[in-house]
Structure formats: structure tokens, C-alpha cells
Amino acid sequence: MDIVTSILGKIGEYAFDSVKLQFGYLKNYDDNITALENQLETLEEMEKDVHEAIEAAGRNGEVIRKNVQHWIASVDGVKMEGRKFLEDNGKGNKRCFRGWFPDVKTRYLLSTEAMEKNKKIERLCEEQKVFDINVSLPAPPPGIDSITSKDIVLFQTTKFAMEQVMDALKKDSTNFVGMHGMGGVGKTTLVKEIARKCKEEKIFDNVAMAVVSQTITVKSIQDQIAEFLGLKLGETGEMIRAGRLCDRIKKENKILVILDDVWEKLELNTIGVPSGEDHKGCKVVITTRRRQVCIAMGSRDQTTSIVSLDVLSKQESWELFKLQVGDIIESPTVRNVAEKLVKECGGLPIALVTVRNAMRGKDLEEWKDAALELEKSNPINIEGMEKNVFKCINFSYDYLGDEAKASFLLCCLFPEDYDIEIERLVRYGVGLNTFKRIGKIEEARRRVHSIIKNLKASSLLVASERKGCIKMHDVVRDVAKTIALDKYFVQDGEVFKEWPNEYNNGIGISLMRYEIQKYPDAWECPNLEIFLTCHQIVEKGMPEEVINFKGMKKLRVLDQMHIYHFLGGRRRLEPSLSHLTNLRT
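Our subject in this report is the structure included herewith. The residue count restarts for each chain, going from 1 along the sequence in the order it is written. pLDDT decides what is reported in this predicted model: residues at 70 or higher carry local features, side-chain atom pairs at 80 or more are listed and counted, and totals for whole chains, interfaces and linings draw on all residues regardless. Side-chain calculation: all heavy atoms of the structure are included, whereas hydrogens and water are not.

1. Overview of the packing of aromatic side chains
Counted only if it meets this: Between the rings of Phe, Tyr and Trp (Trp by its six-membered ring), a pair exists once the centres lie within 6.5 Å; its type follows the angle of the planes, with under 30 degrees stacked, over 60 edge-to-face, and the other angles tilted. The helix count covers DSSP runs of H or I at least four residues long, the strand count covers runs of E at least two residues long, and both are numbered beginning at the N terminus. Per-residue accessibility, obtained with a 1.4 Å probe over protein chains only, is compared with the maximum for each type, and a residue is labelled buried under 20%, exposed over 50%, and partly exposed between these values.
Tallied over the full model, the rule gives six aromatic pairs. Taking the centre distance of 6.1 Å and the plane angle of 80° together, the rings of Phe321 and Trp367 count as edge-to-face. Of this pair, Phe321 sits in helix H11 (residues 314-322) while Trp367 is found in helix H14 (residues 364-375), placing the two residues 46 residues apart along the sequence. Taking 5.7 Å as the distance between ring centres and 40° as the angle between the ring planes, the aromatic pair formed by Tyr397 and Phe408 counts as tilted. Here Tyr397, found in helix H15 (residues 385-398), pairs with Phe408, found in helix H16 (residues 402-411); they are 11 residues apart in sequence, far enough to count as distant. In this structure Phe408 comes out as buried when scored by relative accessible area, which is 0%. Linked through ring pairs, Trp318, Phe321 and Trp367 together constitute an aromatic cluster.

Structure (C-alpha cells):
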């Protein structure tokens, strides 16, 4: 009986408490409605603060936490329900029987519902305190897709180079790939496409890239690679940063590290990029204008692959050029001029794209003017040529030593598409005293061959089909002529009614494949050191003062090979050399 009494007592207590609670809902109807109004206002203020924090995080490119996104969605639902409830019911005096008695049932139900909504709002307020405006996470690593272009056009030339690189990267034995080519040929664009393709085909789990440039800044390279990996290196020393970066890279099972625009040998361990046996899953691709860099960076304990990226073919050049130019290029007159422009660009993508963009929307006369400027190697009025093309190639020139610079500029003295005899460069260089600490011609010959090899490896000269010769790309020659503008006066393939006066103050004159109808009475070129008048057609005899070169006392190099008389037959000039006391060649 005691147990039964105890149980009945408990039941009575619970029943009393329940009845008391239910009467409380009825009694506190107005208070519950007011509390709901206040809670909604509090929730809306919290929501406003969170939205402001989300906007700030968005401006920093950060990612909003999932629990915050869920909280915002829940708040929107609760707010909508609460406002509708208050609009439909509010604190109206709910009564029945024509207003004689309070509507007890309705007041009870509404009060109960208001309390339930208050509890929901309280839970949301508590959830907000958990993240307390810390609504975001740092932005994820950018990924290689952020720097690649979906509009890239791949021609057979570029596809061939890409396939070579891809095949090398798929081999377990290859850890290092060097891709070289002249400035503006499209190495950076292609290597980005290779990176995208490697990620797409899941050859690598991750891809990181850094631009090196002429001035090597180790911290900058480290930061660029770290950014792709979501790693914050901070401001510690280079060695500590390299260790941290190396440890992070080793956590990737397969990773590709791309180093773009490398100019000299770069020690990978100084940066923090493991190589060879240190981490077989890490492979490195570099792009450079200098083949010798590829050779220097490939080590003995790993297989190295070297790929050359060549200029486009004539057909590929035309296809690239006509993209986005417009219907005007279909006009026969414009097409004829456009083909000349394409030829002058010599298959160099950066030149083709720059000229193409500059000519978009231009009329026929403007097309003709641009073609004339390119033919004269002075396209200063073609928008972007100086900034994009000339500056690009000029960087390669700036990186050369003094002897290589002098030899490179000598090559622009020869006509366009000319097979330049290396032996003539030897003799010109000796005559101009270009090579220091050289006592014999044979030593100079070895020096020049070494310089030519360097210039070819630096993508500033190209091979010739003629034995013992090299050639200069048309656009590179234009840049060389621009660099040497104050130094050399160069003309080829023209007819002069009178002798030009532009040569007076320079140290070099090159007049090849030209016809002159009238010479001056005398030459006054006090600074002239090299004078080339090869493959020249002479209509009239030269005045004695001209033949004797009296106004060229500093002249060191004279070349008058293959001079023809207008009436026919080779003419051999026999000037008096007594005035040329400095002549060496």
C-alpha cells in the first residue's frame, strides 16, 4: 500500500505540474507573444551581424562554413514562420460567444505555439554563439585551372611538343623535363595546358607552378608553389621555408612542379623541391629560352627529357592570325596584305597575336601601312609590338655577355632570311677587336663557334640548311636592328636614287642587295668602323673620293663582295687603302 500510495502521489504531482503548465500557457498568452516579438528582433540582429561577416569573408575569397550556411537557412525559415504567426494572430483579444467570453482554446493553442517558436529561436541563438562571427575558412588553394585558358588553340607544332612532354611525364624513369624555345613562341601557354591535362587525366594528384624570371627570388618562388598547396610559409629564413615546403610536397603521392621562365641553373633543394630519389613521386618541368639551362638542371641520378618548341608553320600561322580578325580578311585586297603581315611575323605566336589584335577593325589603308612598317623592321605604330614582342626578345639579348651581344648584332647586318657564314662573323669580329685575349685567328674561330652555339641555345639564332651558316628569325632581326639603331645603318633590297645621309654618325653601314644610282661626291663618316656593301649593283662609276674612302679614317672592316656593274659583269673595286690606317679586315 505504501508503494501504491507513493506512485499515486507522484502521478498526482506530475498531473498537477502538467495542469499548472497548461494553465500557464493560457495565463501568459500576452507575455509569450511579446517574448516572441523580442526574440525575433534579437535573431534578426544576429543574422545581420553574420551576413556582414559573410560579405567580408567573401571579399577575401574565403569559403563559408557549412554549419553557418545551415544556420542562415534555418533562420530564414524561423523568421518567416514567426512573422506570419504574429501577423495572423498577434496580441489580439481572442474571445468567443459574440465577445462575452475569452476564447480559451484559441488563446491556449496560440500561446503554446508561441512558446515553441521561442524555443527554436533560443536554439538558433545558442548555435550562433558557437561560431561567433567566425563564419569562414581560408580560401582553398587556387588549383591549376585558375591559371589555364580554355580558349587555347593547339596546332600540330604545339601538339607535337605537348605529346613529347606528356609521354616523358608518364614514364616512371623521367623526373625532369626541360622545354625550350625562343621568347614569345608560347612556352608558358603550352605548359599551362600540359598542367591542366595532367590534372584532368589524373596523372598527378596535385600541380604547382611558379614563375622564376631573370632575377631569381627564392622566397617568391617558394610562396608561389606553397600557394598552390594551401601552405602558409610566413617570414622565416629561406632554409627553414625550404624544409617546410619540401615536407609538404612529400605528402603528395604524385605531384608536378612547373618552373616557368628559367634563365639559369636553379638548385631545386634551395627552393624546397625534392627531386630524384628524394621523392620519386615529384616531377619537375621547366620552360626556358636557353637549352643549356635544361642540360644544366638535369642531374645524373634522374632521367632528363629535353623538348624544343618551334615556331608555327605557314599554314598554322595563317590559321592563328585570321582568328577573330573579322570578315574583312576575306576581301582579296586585304587578304593579300594580311599574308604579307603573317610572313613578317615568321611563325612567332606572340607576334601573330599582337599584330592580329592591332589590325582588328582597321581599314585597308591601315593594313597596308602596317605591312610597310613590318617590312621596314620598324613597326612602332602597330599597337603592342614594342611592349609585347620587342621587349620579350630584348630580354634574351640583355642576358648575353658582351662578346655574344656584339656577335648577335653583327648578324642583323645581313639581309632577311640570309644564310650567314660563320667564318665572316669570325673575320668581322677580329677586325672590330670584339674578342678579348685572343692572339690567333684559330682561337677567334673557336670563340665564335662557342658564341654561336650559345646564341642558338638561347633561341636568338636558328640553324641553316647551308653548312657553316646560321640564320636569324625575321622578328629577332627586327629587334636586333632596333637595338642597334644608333650603332648600325642597315638597308637591303632597295633602290637609292641618291645616297642616304642617315649613316653619317654610326659605327656601321650595311647596304646589301641594293642598287644605287648616284653616289655622293665624298663620304664623311668619322666614326665608321665596319662597312659592308655586298651584292651591290652599281649604275655609275664611283667618284674618286668615294673609292678612296677618305672620310672613313676609323674604318676597321671593309667587305665589298660581289659588286656588279649596271651594264653587266662583276666589278672589282680597287680602292686606295692608304687612308684607312686602322683597317684590319
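2. Here's the deal with the sheet that holds strand S17 (residues 530-532)
What counts here: The pairing criterion is simple: DSSP has to find at least two bridges between the two strands. In this description, a line fitted to the C-alpha atoms serves as the axis of each element, helices being fitted only across the stretch in contact, and the angle between N-to-C directions of two axes falls anywhere from 0 to 180 degrees.
Within the open sheet, the four strands sit side by side as S13-S15-S17-S19. Their pairing is parallel. Each end of this open sheet is capped by a strand with a single partner; those strands are strand S13 (488-492) and strand S19 (557-559). When strand polarity is set aside, the average angle formed by the axes of neighbouring strands in this sheet is 5°. Bridge analysis of strand S15 (residues 508-512) against S17 gives three bridges, and the strand direction is parallel.

3. Considering the side chain of Lys283
We apply this condition: Positive residues here are Lys and Arg, negative ones are Asp and Glu, while His and the chain termini are left out of the count. By definition, a salt bridge exists where a carboxyl oxygen of Asp or Glu is found within 4 Å of a side-chain nitrogen of Lys or Arg. Polar contacts here mean pairs of N or O atoms no more than 3.5 Å apart (in protein, one a potential hydrogen donor and the other a potential acceptor; neighbouring residues in sequence count only if both atoms are side-chain atoms). Whether two residues touch is decided by their heavy atoms; if any such pair falls within 4.5 Å, the residues are in contact.
Following the sequence through the fold, Lys283 ends up in strand S8 (residues 282-288). Buried Lys283, no salt bridge; nearest opposite-charge side chain is Asp172, N-O distance 5.0 Å. A polar contact of 2.7 Å, which involves the side chain of Lys283, links it to the backbone oxygen of Leu169. With residues up to four places along the chain from it excluded, the contact list for Lys283 reads Ala168, Leu169, Lys170, Lys171, Asp172, Thr174, Asn175, Phe204, Ile255, Leu256 and Val257.

4. Here we look at the packing of H11 against helix H12 (residues 332-345)
Our working definition: By the definition used in this description, the sense in which the near helix is turned from the far one sets the handedness, with an anticlockwise turn below a right angle giving left-handed and a clockwise turn giving right-handed. For this classification, Asp, Glu, Lys and Arg are treated as charged, while Ala, Val, Leu, Ile, Met, Phe, Trp, Tyr, Cys and Pro are nonpolar and the rest, including Gly, are polar.
Running from N to C, H11 and H12 point in directions that differ by 115°, and their axes come no closer than 10 Å. As H11 packs across H12, the resulting crossing turns out to be right-handed. Between H11 and H12, the residues in contact are Ser317, Trp318 and Phe321 and Arg335, Ala338, Glu339, Leu341 and Val342, respectively. Class assignment for the residues of the contact of H11 with H12 results in five nonpolar, one polar and two charged.

5. Notes on the nonpolar core
We apply this condition: Remark: nonpolar core denotes a set of buried residues (Ala, Val, Leu, Ile, Met, Phe, Trp, Tyr, Cys) joined through side-chain atoms within 4.5 Å.
Counting 118 residues, the largest nonpolar core has Ile225, Leu259, Phe321 and Phe408 as its most contacted members. Ignoring anything within four residues of it in the chain, the contact list for Phe408 reads Tyr397, Leu400, Leu455, Leu460, Met472, Val476 and Ala480. Core analysis: the next-biggest nonpolar cluster, separate from the first, contains 20 residues, Leu40, Ile64, Val75 and Leu86 among them.

6. Focus on the pattern of salt bridges
Enumeration according to the criterion identifies 19 salt bridges in this entry. As a salt-bridge pair, Glu201 and Lys197 come within 3.4 Å of each other at their nearest N and O atoms. A salt bridge links Arg424 to Glu421; the shortest N-O distance between them is 3.3 Å. The exposure class of Arg424 is buried, given its relative accessible area of 9%. Three or more residues joined by partner-sharing salt bridges are found here, namely Glu423, Arg427, Glu442 and Arg445.

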